[in-house]
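Fold and contact review
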Amino acid sequence: MSKDMAIGKTKEESDEKETALKLGDDFLGEVYVCLKPLQKQYPLLWMLVEDFYRDVFFSMNEAKQLEKEVGHFLAISPRISNDSIVWLHIIKNLCQETTDKDMTLFCDAD
């Protein structure tokens, strides 16, 4: 299981683009385990990883909040691998791009 992340004004527009990011099981599982006891502090990041089989999307404002949550989670979570740290930075940058372009961030389970 993985999640494809892409930005667009509409779901159809994001589907037409190449996937901006593909999150694999290793990343999703690791962040899930670390985040589970902190899920109330990071509701949008939790929404991304809580269900591997559910599509989610983030509006421009939610992407801005998700960017903040990812940044804070990175600052306090020493238990994640270097690979996951890199993926979280990429997600943070994708959230910033979503906000800058006034678009929506779509995360499709496949």
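The structure this text deals with has already been given above.
Notes on the structure in this doc start here. In this text, all values refer to a predicted model and were calculated from it rather than measured experimentally.

1. Quick word on the sheet that holds strand 4 (residues 104-109)
The strands making up a sheet associate through backbone hydrogen bonding, with each pair oriented either parallel or antiparallel. With respect to topology, 4 strands assemble into an open sheet ordered 2-1-4-3, the strand pairing being antiparallel. Whereas interior strands pair on both sides, the edge strands pair on one side only; in this sheet they are strand 2 (21-23) and strand 3 (56-58). The average undirected angle you get between the axes of adjacent strands in this sheet is 20 degrees. Direction of pairing for strand 1 (residues 3-8) relative to strand 4: antiparallel, over a ladder of 6 bridges. Counterpart to lysine 3 in the pairing with strand 4 is alanine 109. Together, strand 1, strand 2 and strand 4 form the strand contacts of helix 5 (residues 82-100), whose direction differs from that of strand 2 by roughly 135 degrees.

2. Examining helix 5
Compared with an ideal rise of 1.5 Å per residue, which puts 19 residues at 27 Å, helix 5 spans 27 Å between its outermost C-alpha atoms and is within 8% of the ideal. Among the residues of helix 5, Ser84, Leu88, Ile91, Leu94, Cys95, Thr98 and Thr99 are the ones counted as buried. Along helix 5, the residues classed as buried sweep out an arc of 140 degrees about the axis, all on the same side. Summarising the geometry of helix 5, the exposed residues directed more than 90 degrees from the buried face are Asn82, Asp83, Asn93 and Asp100. Structurally, helix 5 contributes buried residues whose contacts are with strand 1, strand 2, helix 2 (25-35), helix 3 (43-49), helix 4 (60-76) and strand 4. Aspartate 102 sits one or two positions beyond helix 5 and adopts a positive phi of about 55 degrees.

3. Structural notes on unusual backbone geometry
Positive phi, close to 55 degrees, is recorded for aspartate 102, a residue that is not glycine. Looking at the element boundaries, aspartate 102 is found in the loop between helix 5 and strand 4. For aspartate 102, a relative accessible area of 43% puts it in the partly exposed group.

4. A short note on the nonpolar core
Among the nonpolar cores identified, the biggest contains 30 residues, and Met5, Leu45, Leu48, Phe73, Ile91 and Leu105 are the most heavily contacted of them. Counting only elements with at least two residues in this core, the list comes to strand 1, strand 2, helix 2, helix 3, strand 3, helix 4, helix 5 and strand 4. When sequence neighbours within four positions are dropped, the list of residues in contact with isoleucine 91 reads Met5, Leu21, Leu23, Phe27, Leu48 and Val70.

5. A few points about the pattern of salt bridges
A full pass over the atoms with the stated rule returns 4 salt bridges. Here aspartate 102 ties to lysine 9 by a salt bridge, and the two come within 3.9 Å at their closest N and O atoms. Of this pair, aspartate 102 sits in the loop between helix 5 and strand 4 while lysine 9 sits in the loop between strand 1 and helix 1 (11-16); the two residues are 93 residues apart in sequence, bridging distant segments of the chain. Between arginine 54 and glutamate 50 there is a salt bridge, and its shortest N-O distance comes to 3.4 Å. You can call arginine 54 partly exposed: its relative accessible area is 32%. Glutamate 50 sits in the partly exposed class, given a relative accessible area of 32%.

So, how was this worked out
Residues numbered from 1 in each chain as written. Predicted model: local features only at pLDDT ≥ 70, side-chain atom pairs only at ≥ 80, totals over all residues. Heavy atoms only, no water. Pairing = 2+ DSSP bridges. Helix = DSSP H or I, 4+ residues; strand = E, 2+ residues; numbered from the N terminus. Axes fitted to C-alpha atoms, helices over the stretch in contact; angles between N-to-C directions. Contact = heavy atoms within 4.5 Å. Expected span 1.5 Å × (residues − 1). Buried < 20%, exposed > 50% of the residue type's maximum accessible area, 1.4 Å probe, protein only. Arc of directions from axis to C-beta. Core = buried A, V, L, I, M, F, W, Y, C linked by side-chain atoms within 4.5 Å. Salt bridge = Lys/Arg side-chain N within 4 Å of Asp/Glu carboxyl O.

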